[in-house]
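# A look at the structure
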Amino acid sequence: MDIKRSSQEKIKRLRPTPRWSDATVFNGIAHFVEVAADTEQDMSNQTQQILAQAETTLAAIGSSKASLLSATIYLTHAENAATFNAHWEAWLPAGCAPSRACVKVELLDPKMLLEIAFVAAVNEVKDD
Amino acid sequence: MDIKRSSQEKIKRLRPTPRWSDATVFNGIAHFVEVAADTEQDMSNQTQQILAQAETTLAAIGSSKASLLSATIYLTHAENAATFNAHWEAWLPAGCAPSRACVKVELLDPKMLLEIAFVAAVNEVKDD
Amino acid sequence: MDIKRSSQEKIKRLRPTPRWSDATVFNGIAHFVEVAADTEQDMSNQTQQILAQAETTLAAIGSSKASLLSATIYLTHAENAATFNAHWEAWLPAGCAPSRACVKVELLDPKMLLEIAFVAAVNEVKDD
């Protein structure tokens, strides 16, 4: 049997806006990006916000922080890395850390102190 | 039946050069990066070039701008974000925005004002 | 037959630490990031270290430099791009270059001159 599948039909998007979706899921792989909802806060608080937001996003797409594959961590100040790492390591389940890159950039809103782009595995239900 | 599949055989590459391929496709996922072909132009024009180039790349690999999963947008000037966003939102089909990160960096050619790394879903034809 | 597969069970991680894994593999896709083990060295040497480390990582996960899908190259000095490119092009097998983005950022350790985030295809053994 020949089956032509359209990739577009199979993409799931979480809260698409004209500018971005909060997450996309395709072929068991999710992409999502988090910045702190409240950027008036300090590094410790913004990190905690982002990690909590990531858990909410992961739950919404049927995944969890135990299924992260990759994290690209954008920090605006290298001296904030220690604060970030303390929260990050406390947050990750043992043995489940993703691959990660961590670089210093500027972000579009000067009050944002970090932004993280995640790739995660998503549970799949397969009918055969 | 035991089938050992070689991943290398299954990777498709669009216009490979010694330095990069214009796109790679594997397991229904495409990776490609665009910078403006003509970097003598301003932000508005470079953005339009990149979005048009992305459409051409997507068409060449059997995908389209409705199947973007992730975009990492590198801008050299934060003040160019508004111009970028206007073109970006006009370009994306309704309800189809990818996950996106947007950061300010420097690019290798000082005339480049932006670079975008995309991940997209690709239609698959499956014989069962 | 209905099969519910857990993504978490299917993720393979290379040398997970509390902060990162040296690589993750899921659905035939690997994510890994390299920085030079010895950051006292110059750009040429750090580049060679990273490319050798990448080969070791790829071998450990059942892949090779002929199966790279994407590379995000973070350089701390744009003037180091020529040195990087010379090693990069000599290292890649003919016709096998990945998609690539190359940007200038700062890295967390000021002695690091580059960091590369890779995505690669991994050989899959399938029983049908």
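Report on the accompanying structure. (Residues numbered from 1 in each chain as written. Chains lettered and ligands numbered in written order. Predicted model: local features only at pLDDT ≥ 70, side-chain atom pairs only at ≥ 80, totals over all residues. Heavy atoms only, no water.)

A few words now on the environment of Leu58(C). Looking at where Leu58(C) falls in the secondary structure, it is placed in helix α2 (residues 43–60). In this structure, Leu58(C) is in contact with Phe32(C), Ser63(C), Ser64(C), Lys65(C), Leu68(C) and Ala120(C), ignoring residues within four places of it in sequence. (Helix = DSSP H or I, 4+ residues; strand = E, 2+ residues; numbered from the N terminus. Contact = heavy atoms within 4.5 Å.)

A few words now on the relation of the copies chain C and chain B. Mapping chain C onto chain B is achieved by rotating through 120° and translating by 0.0 Å along the same axis, at an RMSD of 0.0 Å. What the rotation and shift describe, once combined, is the action of a three-fold rotation axis. No C-alpha of chain C approaches the rotation axis more nearly than that of Val105(C), which lies at 3.4 Å. Residue by residue, only 8% of the interface of chain C is reproduced at the interface of chain B, so the copies engage with different surfaces. (Least-squares fit on C-alpha atoms with pLDDT ≥ 70 in both.)

With that settled, the discussion passes to the environment of His31(A). For His31(A), the position within the fold is in strand β4 (residues 29–35). Remark: the alpha-carbon pair of His31(A) and Ala52(A), spanning 21 residues in sequence, is separated by 16 Å.

Next up on the list: the pattern of salt bridges. One pass over the full model with this rule turns up 15 salt bridges over all chains. We note a salt bridge from Glu89(C) to Arg19(B), for which the minimum N-O separation is 2.5 Å. Of this pair, Glu89(C) sits in helix α3 (residues 81–91) while Arg19(B) sits in the loop between β2 (12–14) and β3 (23–26), each in a different chain. A relative accessible area of 29% means that Glu89(C) is categorised as partly exposed. Using a relative accessible area of 29% as the deciding quantity, one classes Arg19(B) as partly exposed. The salt bridge involving Glu55(C) is made with Lys65(C); its shortest N-O contact spans 3.7 Å. (Salt bridge = Lys/Arg side-chain N within 4 Å of Asp/Glu carboxyl O. Buried < 20%, exposed > 50% of the residue type's maximum accessible area, 1.4 Å probe, protein only.)

Another aspect to go through is the sheet that holds strand β8 (residues 114–121) of chain B. One key point about sheets: their strands pair by backbone hydrogen bonds, in either a parallel or an antiparallel sense. In spatial order, the strands read β7(A)-β6(B)-β5(B)-β8(B)-β4(B)-β3(B)-β2(B); together these 7 strands make up an open sheet with mixed pairing. Every other strand in the sheet has two partners, leaving β7 (106–107) of chain A together with β2 of chain B as the edge strands with one partner each. Contacts from helix α2 (residues 43–60) of chain B reach β2, β3, β4 (29–35), β5 (68–75) and β8 of chain B within the one sheet, and its direction differs from that of β4(B) by about 150°. Sheet strands touched by helix α3 (residues 81–91) of chain B: β5, β6 (99–104) and β8 of chain B. Its angle to β5(B), the strand with the most contacts, is close to 160°. (Pairing = 2+ DSSP bridges. Axes fitted to C-alpha atoms, helices over the stretch in contact; angles between N-to-C directions.)

Glancing now at the packing of α2(B) against α3(B). Residue and element names in this part refer to chain B. Here α2 crosses α3 at 30°, and the two axes come no closer than 9 Å. As summarised for this structure, α2 and α3 are arranged roughly parallel, according to the angle between their axes. Crossing hand, α2 versus α3: right-handed. Counted together, Met 43, Ser 44, Thr 47, Gln 48, Leu 51, Ala 54 and Glu 55 of α2 and Thr 83, Phe 84, His 87, Trp 88 and Trp 91 of α3 form the full contact between these two elements. Grouping the constituent residues of the contact of α2 with α3 by class yields 6 nonpolar, 5 polar and 1 charged. (Parallel < 35°, antiparallel > 145°, perpendicular 65-115°, else oblique. Left-handed = near helix turned anticlockwise from the far one by under 90°. Nonpolar A, V, L, I, M, F, W, Y, C, P; charged D, E, K, R; others polar.)

Counting residues at the interface gives 37 residues for chain C, matched by 30 residues for chain B. Summed over both partners, the interface of chain C with chain B buries about 2900 Å², with 51% contributed by carbon and sulfur atoms. For the pair chain C and chain B, the interface holds 2 salt bridges. Of the charged contacts in the structure, one is a salt bridge between Lys104(C) and Glu106(B), with a shortest N-O distance of 3.6 Å. The tally of links between chain C and chain B comes to 9 residue pairs in polar contact (both at pLDDT 80 or more). Broken down by secondary-structure element, the contributors of at least two residues to the side of chain C that touches chain B are β5 (68–75), α3, β6 (99–104), β8 (114–121) and β9 (124–127) of chain C. (Buried area = accessible area lost by both parts, 1.4 Å probe. Polar contact = N/O pair within 3.5 Å; in protein donor to acceptor, adjacent residues only side chain to side chain.)

A few words now on the packing of aromatic side chains. Residue and element names in this part refer to chain A. As enumerated under the stated definition, the model contains 12 aromatic pairs over all chains in all. Residues Trp 88 and Phe 118 carry aromatic rings whose centres are separated by 6.5 Å and whose planes lie at 20° to one another, so their mutual orientation is stacked. With Trp 88 in helix α3 (residues 81–91) and Phe 118 in strand β8 (residues 114–121), this residue pair connects regions lying 30 residues apart in the sequence. You can call Trp 88 buried: its relative accessible area is 0%. By relative accessible area, which is 2% here, Phe 118 ends up buried. Within the aromatic cluster, the residues linked to one another by ring pairs are Phe 32, Phe 84, Trp 88, Trp 91 and Phe 118. (Phe/Tyr/Trp six-rings, centres within 6.5 Å; stacked < 30°, edge-to-face > 60°.)

In short, the description is geometric, and any link to function would need to be established separately.
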